[in-house]
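The lines below spell out each chain.
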Amino acid sequence: MGFESISAKLDDLIQKAGGCAVVDGGFATQLEIHGAAINDPLWSALCLIKEPHLIKQVHMEYLEAGADILVTSSYQATLPGFIARGISAKEAELLLEKSVNLAVQARNKFWDTVKDAPARSYYRALVAASVGSYGAYLADGSEYSGNYGPDVNLEKLKDFHRRRLQVLVNAGPDLIAFETIPNKLEAQACVELLEEENVNIPSWICFSSVDGVNAPSGESFQECLEVLNKSDKVAAVGINCAPPHFVQSLIQTFKKVTDKVIIVYPNSGEIWDGIAKKWMPSKCFDDDNFQAYAVRWRDAGAKLIGGCCRTTPSTIRSISKVLKEKH
Ligand SMILES: C[S+](C)CC[C@H](N)C(=O)O
Ligand SMILES: N[C@@H](CCS)C(=O)O
Ligand SMILES: [Zn+2]
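The residue numbering used here restarts from 1 in each chain and proceeds along that chain's sequence as written. For this description, chains carry letters from A and ligands carry numbers from 1, given in the order in which they are written. Local features in a predicted model are, by the rule used here, given only for residues with pLDDT of at least 70; side-chain atom pairs are given and counted only at 80 or more, and totals for whole chains, interfaces and linings are based on all residues. Each side-chain value is worked out from all heavy atoms of the structure, with water and hydrogens disregarded.

With an unreviewed UniProt entry as reference, the chain is termed Hcy-binding domain-containing protein, source organism Daucus carota subsp. sativus.

## Structural notes on the overall build of the chain
Of the regular secondary structure elements, the chain holds 13 helices and 10 strands. Projecting the C-alpha coordinates of the chain onto the three principal axes gives extents of approximately 55 × 50 × 40 Å. For accessible areas, the Shrake-Rupley method is used with a probe of radius 1.4 Å. Any residue's cover is judged against the shown protein chains and nothing else. Accessible surface, the chain as shown: approximately 13,300 Å² in total, 50% of it carbon and sulfur. His is not counted, nor are the chain ends; Lys and Arg add positive charge and Asp and Glu add negative charge. Taken as the charge centre is NZ of Lys, CZ of Arg, CG of Asp or CD of Glu, depending on the residue. In the chain, which carries 34 positive and 40 negative side-chain charges, the distance between the mean positions of the two groups comes to 4 Å. Put simply, DSSP H or I for four residues or longer makes a helix, DSSP E for two residues or longer makes a strand, and each gets a number counted from the N terminus.

## Notes on the sheet that holds strand β7 (residues 261-265)
The criterion for strand pairing is that DSSP finds at least two bridges linking the strands in question. The 8 strands are arranged β1-β10-β7-β6-β5-β4-β3-β2 in an open sheet whose pairing can be described as parallel. Among the strands making up the open sheet, the edge pair consists of β1 (21-22) and β2 (69-71). One ladder, built from 3 bridges, connects β7 with strand β10 (residues 302-305); its direction is parallel. Along β10, the bridge assignment pairs Ile262 with Ala302. The contact rule is simple, with two residues in contact once any of their heavy atoms fall within 4.5 Å. An axis is simply a line fitted to the C-alpha atoms; with a helix, the fit covers only the stretch in contact. Between two such axes, the angle follows the N-to-C directions and lies from 0 to 180 degrees. In this fold helix α8 (residues 154-170) packs onto β3 (126-132) and β4 (175-181), with an angle of close to 165 degrees to the strand it touches most, β3. In this fold helix α11 (residues 247-257) packs onto β5 (203-207), β6 (234-240), β7 and β10, with an angle of close to 160 degrees to the strand it touches most, β7.

## Here we look at the site of ligand 2
Gly26, Phe27, Ala28, Trp43, Val71, Tyr75, Glu179, Thr180, Cys241, Cys308 and Cys309 make up every residue found near ligand 2. Relative to its unbound accessible area of 280 Å², ligand 2 is 97% covered by the protein chains. Throughout, the protein atoms alone are placed on a 1 Å grid, and a set of points is a cavity if a 1.4 Å probe fits but cannot get out or a pocket if it is open with protein on both sides within 12 Å along at least five of seven lines; lining residues have an atom within 4 Å of a point. For a cavity or pocket, the test is whether more than half of a molecule's atoms lie within 2 Å of its grid points; if they do, the molecule sits there. More than half of the atoms belonging to ligand 2 lie within 2 Å of the grid points that define the largest pocket. Class assignment for the residues of the shell around ligand 2 results in 8 nonpolar, 2 polar and 1 charged. Proximity is defined per residue: any heavy atom of the residue falling within 4 Å of a molecule or strand makes that residue near it. Gly falls in the polar group here, along with every residue not listed as nonpolar (Ala, Val, Leu, Ile, Met, Phe, Trp, Tyr, Cys, Pro) or charged (Asp, Glu, Lys, Arg).

## Looking at the pairing of β3
Burial runs high along β3: 7 of the 7 residues are buried. Side-chain alternation along β3 places Leu126, Ala128, Ser130 and Gly132 on one buried face and Val127, Ala129 and Val131 on a second face that is also buried. Pairing analysis gives 3 bridges linking β2 to β3, with the strands arranged parallel. Counted as the bridge partner of Val71 is Ala128 from β3. Burial status follows relative accessibility: with a 1.4 Å probe on protein chains alone, a residue under 20% of its type maximum counts as buried, one over 50% as exposed, and anything between as partly exposed.

## Focus on the pattern of salt bridges
Whenever a carboxyl oxygen of Asp or Glu lies within 4 Å of a side-chain nitrogen of Lys or Arg, that contact is scored as a salt bridge. Counted by the stated rule, this structure contains 14 salt bridges. Taking the shortest distance from any N to any O, the salt bridge between Arg162 and Glu196 comes out at 3.0 Å. Separated by 34 residues along the polypeptide, Arg162 in helix α8 and Glu196 in helix α9 (residues 184-196) bring together distant segments of the chain. Glu196 sits in the partly exposed class, given a relative accessible area of 42%. One salt bridge connects Glu270 with Arg310, and the closest N-O pair in it is separated by 2.8 Å. Of the two residues, Glu270 is situated in the loop between β7 and β8 (271-273) and Arg310 in the loop between β10 and α13 (313-323); the sequence distance between them amounts to 40 residues. With a relative accessible area of 37%, Arg310 lands in the partly exposed category.

## Here we look at the UniProt feature "domain: Hcy-binding" (unreviewed entry) in the chain
UniProt positions are given in the numbering used here, feature names are shortened, and annotations may be inferred rather than shown by experiment. Under the UniProt annotation, "domain: Hcy-binding" (unreviewed entry) lies at residues 9-323. Between the C-alpha atoms that bound residues 9-323 there is a distance of 20 Å. The span itself is 46% helix and 15% strand.

## Some thoughts on the layout of surface pockets
Grid points are joined across faces, edges and corners, and a volume is the space filled by probe spheres set on the points. Roughly 430 Å³ of volume is contained in the largest pocket. Sorting the residues of the lining of the largest pocket by element identifies α2 (28-33) and β4 as the ones contributing at least two each. If one sorts the elements of the lining of the largest pocket by residue count, α2 sits on top with 3 residues. Residue classes in the lining of the largest pocket are distributed as 16 nonpolar, 13 polar and 7 charged.

## Section: the site of ligand 1
In the neighbourhood of ligand 1, the contacting residues comprise Trp43, Tyr75, Gln76, Ala136, Ala139, Glu143, Tyr144, Trp272, Lys277 and Trp279. Two N or O atoms form a polar contact when they lie within 3.5 Å of each other; inside protein one atom must be a possible hydrogen donor and the other a possible acceptor, and for residues adjacent in sequence the pair counts only when both atoms belong to side chains. One of the side-chain nitrogen or oxygen atoms of Gln76 is found 2.7 Å away from an oxygen atom of ligand 1. Ala136 has a polar backbone atom sitting 3.3 Å from a nitrogen atom of ligand 1. When isolated, ligand 1 has an accessible area of 320 Å², and the protein chains bury 99% of it. Taking a 2 Å distance to the grid points as the criterion, the majority of the atoms of ligand 1 fall inside the largest pocket. Its residues placed into classes, the shell around ligand 1 shows 7 nonpolar, 1 polar and 2 charged.

## Quick word on the environment of Asn289
Its place among the elements puts Asn289 in helix α12 (residues 287-300). Sequence spacing of Asn289 and Ile319 is 30 residues, and the spatial spacing of their C-alpha atoms is 9.8 Å.

## Concerning the coordination of the zinc ion (ligand 3)
All of the protein donors around the zinc ion (ligand 3) are Cys241 (SG), Cys308 (SG) and Cys309 (SG); their distances to the metal are 2.2 to 2.4 Å. For Na, K and Ca the donor cut-off is 3.2 Å, and for all other metals it is 2.8 Å, counting N, O and S atoms only; because water is absent from this set, sites may look incomplete. Any site counts as irregular unless it has four donors with all angles between 85 and 135 degrees, making it tetrahedral, or four or six donors with opposite ones more than 155 degrees apart and the rest between 65 and 115, making it square planar or octahedral. Taken together, the 4 donor atoms surrounding the zinc ion (ligand 3) define angles of 96 to 130 degrees at the centre, an arrangement classified as tetrahedral. Read in sequence order, the donor residues for the zinc ion (ligand 3) give the motif C-x66-C-C. Linking Cys241 in the loop between β6 and α11 with Cys308 in the loop between β10 and α13, this pair joins segments that are 67 residues apart in sequence. Exposure remark for Cys308: the relative accessible area of 9% places this residue in the buried category.

Given below as structure tokens:
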């Protein structure tokens, strides 16, 4: 056996999918469509405790829509978050494991039903374990400001992420998905942890953006990516949960500052009010817009494309259809 790169499985999926694979869409917001009440500090992670069947249902919907990668329900599932609810540390770790198991079970079940279908348009999906930013845990909108205050330093962020990362990796996902990272410090914490914990599955690290130019902290993506570019553990970098009309030029920015795979999965364009805990109407993209733009994002160099908050299985169906059309 020759040497296999850490990102071989991901590269293989991208290649099989014709150069651009499809990530799933908004997870928490799709749970809400099914009636989940998640206006809570745990947000979608509350369903791991109360309504796990809905988690599996949403994963199945995205698989049917053509997602090649499922992102798990662990975005806001954190050990301190669960412990604050009176859940023991052991139970909290089991809930993290459960987030991976639910996605793996959905993926395996779906694949069993489609793998032998003639002229199938599906690939065996990969499962990416979501690691939401520290700001997601704070539940104060700081994943869109990058403002963690003067008491937060590199070590504190590493301490926050370390055990969750270990538990998620041990649960056996194919990938790790760091999501809505708002500043350079947290990006650095993620990379240092991947190295220190010798994580041997690939990761992507995605930033949010509120001005379409920089990370929410105001730091340039060039600065943010310097440290990520040095690590082989980071397979892909990009943007999630930013408005779609920012994405084209952000891909161009990323192309200039990294050779890594570029991933984009913007939200619908609505804006999260972290204090009122509501989506505010803004320049909203419908599924047709997403479909047209997905082609442009692919042509600009993105190799992983999906949707984030308020996008739905129908958005992912549109993207998958157009990106997998045979020419
Ligand atoms: C990506 S935001 C919409 C997630 C929810 C936020 N962390 C909160 O709990 O308010
Ligand atoms: N994977 C998470 C990201 C929220 S920004 C979700 O889709 O709910
Ligand atoms: Zn989002």
